[in-house]
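Listed here are the chains, written in short residue letters.
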Amino acid sequence: NQMSLEQLVICHCAPVLRGMKVSNLLSCSYEEYPFLEKEMEVFSRRMRSFGLECSILCRCKRFALVLVYDLKKLDIQLTSLENSEYLADSGYSAGSLQSMLVQLSRRLSSCSGFPHEIGVFLGYPLADVVGFTENCGKNFKYSGYWKVYGDLETAKAMFRSYDLCRKECTLLAMNGGTLEEIIACSEKKS
């Protein structure tokens, strides 16, 4: 009783599809989704008219890491002064959004774990990304969608809103809702 790939994307990336978050990372198994690459190309075409995109950042024999993102919001996230300085200090060369994603993809492919700066690409507050790096993932105030080292109350409020969004979108997806319907629903609310 496996979810379709479309349902999986909706369930795990609902806050992005609804405009609440800049991006989300999704791990997909080739065993469960043997046509993953082709399906992601189709999803990209379907989402593009809404300003959203999905890209496979990293592949291995069994899995692929897929980034689902809002093109404008992620570009703004990466080019903000504090985030661009942090990424430059982390070895990234300034460039287009696509160039930054290529650099992230290379780091994911060449490193045994996740490069800590991935939090910037996922829209995490910089204080939390830096806190995670400096504390090696320990000494956090709270753990939810990410480990919180900075503003706890704001993070908890975001986590609650993401949870509600995911719950609502999962229900819609399990009842036959499509990517377009989920995204369009958020546009009606704005």
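Criteria and cut-off values
- Residues numbered from 1 in each chain as written.
- Predicted model: local features only at pLDDT ≥ 70, side-chain atom pairs only at ≥ 80, totals over all residues.
- Heavy atoms only, no water.
- 1 Å grid on protein atoms, 1.4 Å probe; cavity = no way out; pocket = protein on both sides within 12 Å on 5 of 7 lines; lining within 4 Å.
- Points joined across faces, edges and corners; volume = space filled by probe spheres on them.
- Helix = DSSP H or I, 4+ residues; strand = E, 2+ residues; numbered from the N terminus.
- Axes fitted to C-alpha atoms, helices over the stretch in contact; angles between N-to-C directions.
- Parallel < 35°, antiparallel > 145°, perpendicular 65-115°, else oblique.
- Left-handed = near helix turned anticlockwise from the far one by under 90°.
- Contact = heavy atoms within 4.5 Å.
- Expected span 1.5 Å × (residues − 1).
- Buried < 20%, exposed > 50% of the residue type's maximum accessible area, 1.4 Å probe, protein only.
- Arc of directions from axis to C-beta.
- Phe/Tyr/Trp six-rings, centres within 6.5 Å; stacked < 30°, edge-to-face > 60°.
- Salt bridge = Lys/Arg side-chain N within 4 Å of Asp/Glu carboxyl O.
- Pairing = 2+ DSSP bridges.

(A) Up close: the layout of surface pockets. Within this model, the largest pocket holds a volume of roughly 200 Å³. The wall of the largest pocket is formed by Phe114, Pro115, His116, Ile118, Gly119, Leu122, Tyr124, Asp128, Val129, Phe132, Trp146 and Lys147. For the lining of the largest pocket, the secondary-structure elements that each account for two or more residues are α6 (118–121) and α7 (126–134). The dominant element in the lining of the largest pocket, judged by the number of residues it contributes, is α7, at three residues.

(B) Highlighting the packing of helix α1 (residues 5–17) against helix α8 (residues 152–174). Between α1 and α8, the shortest axis-to-axis distance is 7 Å and the interhelical angle comes to 160°. With respect to each other, α1 and α8 are oriented roughly antiparallel. Relative to α8, α1 is oriented so that their crossing is right-handed. On α8, the residues touching Gln7, Ile10, Cys11, His12, Ala14 and Pro15 of α1 are Tyr162, Cys165, Arg166, Cys169, Thr170, Ala173 and Met174.

(C) Representation of helix α2 (residues 36–48) in the model. Its 13 residues place the ends of α2 18 Å apart at the C-alpha level, agreeing with the 18 Å of an ideal helix rising 1.5 Å per residue. What α2 keeps buried is the set Leu36, Met40, Phe43, Ser44 and Met47. Around the axis of α2, the buried residues are gathered within 105° of arc, so they sit on the same side. Across from the buried face of α2, at angles greater than 90 degrees, the exposed residues are Lys38 and Arg45.

(D) Looking closely at the packing of aromatic side chains. Enumeration according to the criterion identifies six aromatic pairs in this entry. When the ring of Tyr142 is compared with that of Phe159, the centres are 6.0 Å apart and the planes differ by 20°; the resulting orientation is stacked. Taken together, the residues span a long stretch of sequence, with Tyr142 in strand β4 (residues 142–143) and Phe159 in helix α8 at a distance of 17 residues. Residue Tyr142 is classed as partly exposed on the basis of its relative accessible area, which comes to 35%. Centroid distance Tyr145 to Tyr162: 5.3 Å. Interplanar angle 85°. Geometry classified as edge-to-face.

(E) The arrangement of the pattern of salt bridges in detail. In the structure shown here, the tally under the stated rule is six salt bridges. The partner of Glu117 in a salt bridge is Arg107, and the shortest N-O contact between them spans 3.3 Å. Placement of the pair is Glu117 in the loop between α5 (97–110) and α6 and Arg107 in helix α5, with a sequence separation of 10 residues. Of the residues examined, Glu117 reaches a relative accessible area of 6% and is grouped as buried. Each member of the salt-bridge network shares a partner with another, and the members are Glu6, Arg46 and Glu180.

(F) Region of the structure containing the pairing of strand β3 (residues 63–70). A large share of β3 lies buried, amounting to seven of its eight residues. Two elements, strand β1 (residues 23–29) and β3, share seven bridges in a ladder whose sense is antiparallel. In the strand pairing of β3, Leu26 is matched with Val66. As paired elements, strand β2 (residues 52–59) and β3 share seven bridges and run antiparallel to each other. Following the sheet pairing, Ser55 is matched in β3 by Leu67. The turn linking β2 back onto β3 is made up of three residues.

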